[in-house]
Amino acid sequence: MTPNSFAAVGADNSIGVPSLNRALFALCALNFFMADVQAGVGPFLGVFLQRHDWQTGPIGTVMTVGGIAGMIATIPAGAFIDQTRKKRLLVIVAALCTISASILLLTSQSVAVVTVSQLATAVAGAGIGPLMTGITLGIVRQKGFNAQIGRNQAWNHAGNMVGAGLSGWLGWRFGLSAIFCLEVVFGLFAMSAVLLVPERSIDHRAARGLGDEQARDDGRAEGLKSFLRHRPLLVLAVCLCFFHLGNAAMLPLYGMAVVSAGKGNPAMFTALTVVVAQAVMIVVSLLAMRFIRARGHWIVLLLSFAALPLRGLVAGSFIQHWGVWPVQILDGIGAGLQSVAVPGLVARLLDGTGRINVGQGVVMTAQGIGASLSPALGGWLAEDLGYPFAFYTLGCFAVVSLGLWIGSASTLRSAGHVPA
């Protein structure tokens, strides 16, 4: 913890250094354990349902149903998080929803039960992103946000990597059902971590993007209709929608492709797809915050969009056990850059509006539209036309993101510039 980190926290002198240290330590721990909670059983769901005689089309469809539910819930969740002072309690509620969903999946694999479990996971996940942003802003304020979000994401990706590695070993040693038990354990640790964050360390007005002057009057928060006129935010949202339409299905679909070809153990190979990507994301997250400081958000997001077409080409050309390395390294680059750049850019664009977490919800909704449609699209393409065609098609969607992002370069470059 550097002296500059303390300076970035803000003007609330009532928060002492020991309390701040505890808050930041707990925040890192929360991001580590919440990673597995936010993802749910994630890529393991596909191979788990395959083992219970589900086909790729229905698997993609039920994932899409959950994605749509999360998409619908995201903006209301962001608005509620802007208003509430019970952010720690909401983290606990989200963890309990995901734990309950895992227990449901273990009890039955019927269409109704699987659908309900995905709905619970998706609705919980809709609030986790804005919650992490709000709590972080409330502790470190706008000045320290870019640096802290990079650390948060590094811990988050580390949690995903450790969770996936343990899931792979447990699934190989004890069967896929053990993966669900591990998620319950991570959920309990996440709830413990958030309780370690001192309530007094969170400035709830700063958490919604109101500065010291604006903080005196919460009524100065902008109306929700203002987002419809915010061109940089809308461009960002559309670009992310198309990116996730192509990207979201690739990880579970590639795992199913290799496993169905008899070229990998279901639990171990699926775990490897996650571990490789998350290991890359740890490094990329830490580098991204430095790159943003030097070059701004625009170029970082441009690089993230460019990774997807190449990923689709490689995935469609090499459905082999070793293909996990180039396919998931590219995923780690694209998603790792976005995990830091997107919340940082939204926080910068909406600073002073009092609606930062609603803005995060708007962007996450756009991501959710793409991500929710992606599994159904990829699943049915794979079932009807084969896995290679599905990967090539999914990779092409990022070309739309690239074109729109480059076309809006002048507006977005100035909006996303970070002063030294």
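Here, every reference points to the structure presented above.
A brief look at the structure comes next. As the structure is a prediction and not an experimental result, all values here were calculated from the model. (Residues numbered from 1 in each chain as written. Predicted model: local features only at pLDDT ≥ 70, side-chain atom pairs only at ≥ 80, totals over all residues. Heavy atoms only, no water.)

### With respect to the packing of helix 5 (residues 87-107) against helix 8 (residues 177-195)
Next up, step 1: Where helix 5 meets helix 8, the closest approach of the two axes is 9 Å, and the angle between their N-to-C directions is 170°. Taken together, the axes of helix 5 and helix 8 are roughly antiparallel relative to one another. Side by side, helix 5 and helix 8 meet where Arg 88, Val 91, Ile 92, Ala 95, Leu 96, Thr 98, Ile 99, Ser 102, Ile 103, Leu 105 and Leu 106 of the first sit next to Ser 177, Phe 180, Cys 181, Glu 183, Val 184, Gly 187, Leu 188, Met 191, Val 194 and Leu 195 of the second.
Next up, step 2: Taken together, the residues that form the contact of helix 5 with helix 8 break down as 15 nonpolar, 4 polar and 2 charged. (Axes fitted to C-alpha atoms, helices over the stretch in contact; angles between N-to-C directions. Helix = DSSP H or I, 4+ residues; strand = E, 2+ residues; numbered from the N terminus. Parallel < 35°, antiparallel > 145°, perpendicular 65-115°, else oblique. Contact = heavy atoms within 4.5 Å. Nonpolar A, V, L, I, M, F, W, Y, C, P; charged D, E, K, R; others polar.)

### Comments concerning a nonpolar patch on the surface
Next up, step 1: Judged by side-chain polarity, Phe 318, Trp 322, Trp 325, Ile 329 and Ile 333 come together as a nonpolar surface patch covering roughly 480 Å² of accessible area.
Next up, step 2: Its location among the elements puts Ile 333 in helix 13 (residues 324-349).
Next up, step 3: On the basis of relative accessibility, which here comes to 31%, the residue Ile 333 falls in the partly exposed class. (Patch = residues over 30% accessible without salt bridge, like charges linked within 9 Å, V, L, I, M, F, W, Y side chains within 5 Å. Areas by Shrake-Rupley, 256 points an atom, 1.4 Å probe, with all protein chains shown as cover. Salt bridge = Lys/Arg side-chain N within 4 Å of Asp/Glu carboxyl O. Buried < 20%, exposed > 50% of the residue type's maximum accessible area, 1.4 Å probe, protein only.)

### As for empty space enclosed by the protein
Next up, step 1: Inspection of every chain in the model, using the stated rule, returns 4 cavities of 30 Å³ or more.
Next up, step 2: Its volume calculated, the second largest cavity comes out at about 60 Å³.
Next up, step 3: The wall of the second largest cavity is formed by Thr 56, Ile 59, Gly 60, Met 63, Ala 249, Pro 252, Leu 253, Met 256, Pro 375, Gly 378 and Gly 379.
Next up, step 4: Ranked by the residues each element gives to the lining of the second largest cavity, the list is headed by helix 4 (residues 56-83), at 4 residues.
Next up, step 5: Here the residues of the lining of the second largest cavity sort into 7 nonpolar, 4 polar and no charged. (1 Å grid on protein atoms, 1.4 Å probe; cavity = no way out; pocket = protein on both sides within 12 Å on 5 of 7 lines; lining within 4 Å. Points joined across faces, edges and corners; volume = space filled by probe spheres on them.)

### Quick word on helix 13
Note: α-helices contain 3.6 residues per turn, so residues at a spacing of three or four share the same orientation.
Next up, step 1: The end-to-end C-alpha distance of helix 13 is 36 Å, a good match for the 38 Å that 26 residues give at a rise of 1.5 Å each.
Next up, step 2: The largest bend along helix 13 reaches roughly 30° and is located at Gln 338.
Next up, step 3: Along helix 13, 20 of the 26 residues are buried, which leaves the element largely enclosed by surrounding structure. (Expected span 1.5 Å × (residues − 1). Bend = angle between axes of the 7 residues up to and from the residue.)

### Regarding the pattern of salt bridges
Pairs can form between side chains of opposite charge once their charged atoms are near each other.
Next up, step 1: Tallying each qualifying case throughout the model produces 3 salt bridges.
Next up, step 2: The partner of Arg 88 in a salt bridge is Glu 199, with the nearest N and O atoms 3.2 Å apart. Of this pair, Arg 88 sits in helix 5 while Glu 199 is found in the loop between helix 8 and helix 9 (231-247), placing the two residues 111 residues apart along the sequence.
Next up, step 3: Salt-bridge contacts for Asp 331 lead to Arg 311; the nearest nitrogen and oxygen are separated by 3.5 Å. Linking Asp 331 in helix 13 with Arg 311 in helix 12 (residues 297-317), this pair joins segments that are 20 residues apart in sequence. There is no split in this pair, since Asp 331 and Arg 311 are both buried.

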